[in-house]
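# Structural overview for review
Here is how the chains run, residue by residue.
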Amino acid sequence: MKQTVKLLLLFISIITFAQENTYSDLELQQKLDSIKAEGNLLFSYENASWISGDLISKNKKLKNNISDYLTYKTSDTVKTIFLNENRDLVLAEYSFKNNQKKPVKEISNPRKLNENESNLKNIRSAVISQLSNPQYEVGVPQGYSLNLIIIPFNENYKIYLIPGTSQSGVIPFGNDYLFVADKEGKIISNQKFHSRLIPAFTMGENGSFMTSSTHSHLRTSPLISATDICTFKLYAPLTKLEEFSIYSPALGTYMKYNYKKDMIEKTEKP
């Protein structure tokens with residue numbers, strides 16, 4: 001009898017989960033549009049961070065005096081700033097618009113952090129100090145890194161962790177996280193989009209270029225993620241790939257993203 005009750009409860013929970021993850025075409029499109037917008041926002045942050053990092057590494061005068069960096073958005077501009085060893089001065093600042101590959105403005109005169117920058121610095125430090133908590137299961141496989149992106153969210157902050165690598169021919173999907181922290185930097189919620197790192201190798205063993213990439217999502221993450229889109233937009237231009245797809249076990253379907261068209265479409269096959 002107990003076994004029958006357990007099976008019945010399991011069946012009910014499966015049905016409930018399936019119902020919760022059933023969307024009308026309009027609902028699905030609205031969700032995908034929102035995810036794409038968030039992915040493009042993440043990309044604008046990381047694009048600025050990447051280019052600024054390359055520029056500061058070529059600055060012989062400053063590169064050895066840098067301890068940390070922050071990237072944030074103000075109006076229509078994304079800025080990356082580099083801090084001194086004491087983290088109380090901005091040594092360099094790069095401003096970007098429209099995801100350009102070159103900054104529209106560069107400043108290398110030392111200055112104090114403004115109120116927003118000081119707040120972001122404190123939020124970053126507070127969040128990082130909590131990430132070692134085993135409950136969050138944050139890890140970094142050898143050969144990879146985790147990049148932190150802070151985005152204001154109502155009265156709180158969204159903190160994304162997305163993987164990075166200097167390895168060529170690899171797109172580092174997976175091992176990505178979303179935390180929400182309050183205005184003091186205390187984590188109040190967290191989400192893991194993938195169960196592990198899922199490196200997509202863009203070249204075959206015979207040296208041929210791969211033309212497609214597909215991976216699967218957790219049932220708790222039924223849709224393509226903003227982190228997927230950001231990661232692909234960063235690394236795909238270094239490869240021959242133009243699109244990737246994910247399989248959603250929760251919805252029983254594939255979703256494909258093309259970075260040149262900036263379009264997500266639902267498909268039956270990858």
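Refer to the structure presented above.
Below: a short report on this structure. (Residues numbered from 1 in each chain as written. Predicted model: local features only at pLDDT ≥ 70, side-chain atom pairs only at ≥ 80, totals over all residues. Heavy atoms only, no water.)

If you trace the backbone, N47 turns up in helix α2 (residues 25–57). Of the polar contacts made by the side chain of N47, one reaches the side chain of K101; its length is 3.3 Å. (Helix = DSSP H or I, 4+ residues; strand = E, 2+ residues; numbered from the N terminus. Polar contact = N/O pair within 3.5 Å; in protein donor to acceptor, adjacent residues only side chain to side chain.)

Right, let's talk about unusual backbone geometry for a bit. Phi at E137 takes a positive value of approximately 50°, unusual for a residue other than glycine. Turning to its location among the elements, E137 is positioned in the loop between α3 (115–130) and β6 (145–153). Located in the positive-phi region is N175, a residue other than glycine, with phi close to 50°. Inspection of the secondary structure puts N175 in the loop between β8 (170–174) and β9 (177–181).

For the rest of this paragraph, the subject is the packing of α2 against helix α4 (residues 226–235). Packed helices, taken two at a time, are described by the angle between their axes plus the distance between the axes. Viewed as axis vectors pointing N to C, α2 and α4 meet at an angle of 45°, and their least axial separation amounts to 8 Å. As far as their axial angle goes, α4 and α2 are oblique. Seen from above, α2 lies across α4 with right-handed handedness. Between α2 and α4, the residues in contact are I35, K36, E38, G39, N40, L42, F43, E46, N47 and W50 and A226, T227, I229, C230, K233, L234 and Y235, respectively. (Axes fitted to C-alpha atoms, helices over the stretch in contact; angles between N-to-C directions. Parallel < 35°, antiparallel > 145°, perpendicular 65-115°, else oblique. Left-handed = near helix turned anticlockwise from the far one by under 90°. Contact = heavy atoms within 4.5 Å.)

Once that is clear, we can look at the packing of aromatic side chains. Under the counting rule described, the total for this entry stands at eleven aromatic pairs. Taking the centre distance of 5.1 Å and the plane angle of 85° together, the rings of W50 and Y235 count as edge-to-face. On the criterion of sequence distance, the pair formed by W50 in helix α2 and Y235 in helix α4 is long-range, its members being 185 residues apart. Relative accessible area serves as the criterion here: at 30%, W50 is assigned to the partly exposed category. Judged by its relative accessible area of 5%, Y235 is buried. Seen in terms of ring centroids, F173 and F244 are 5.0 Å apart; in terms of plane orientation they differ by 40°. Their pairing is tilted. Placement of the pair is F173 in strand β8 and F244 in strand β13 (residues 243–248), with a sequence separation of 71 residues. Residue classification places F173 among the buried residues on the basis of a relative accessible area of 1%. (Phe/Tyr/Trp six-rings, centres within 6.5 Å; stacked < 30°, edge-to-face > 60°. Buried < 20%, exposed > 50% of the residue type's maximum accessible area, 1.4 Å probe, protein only.)

Here we take up the sheet that holds strand β15 (residues 263–267). Two strands in a sheet stick together by hydrogen bonds in their backbones, pointing the same way (parallel) or opposite ways (antiparallel). If you walk across this open sheet you meet the four strands as β12-β13-β14-β15, and the pairing is mixed. With partners counted over all chains shown, the strands left at the sheet margins are β12 (214–216) and β15, one partner each. Going across the sheet, the axis of each strand differs from the next one's by a mean of 25°, ignoring polarity. Relative to β15, strand β14 (residues 253–258) runs antiparallel, the two sharing five bridges. Bridging across to β15, M255 finds its partner in K266. Relative to β13, α4 is tilted by about 155°, and along the sheet it contacts β12, β13, β14 and β15. (Pairing = 2+ DSSP bridges.)

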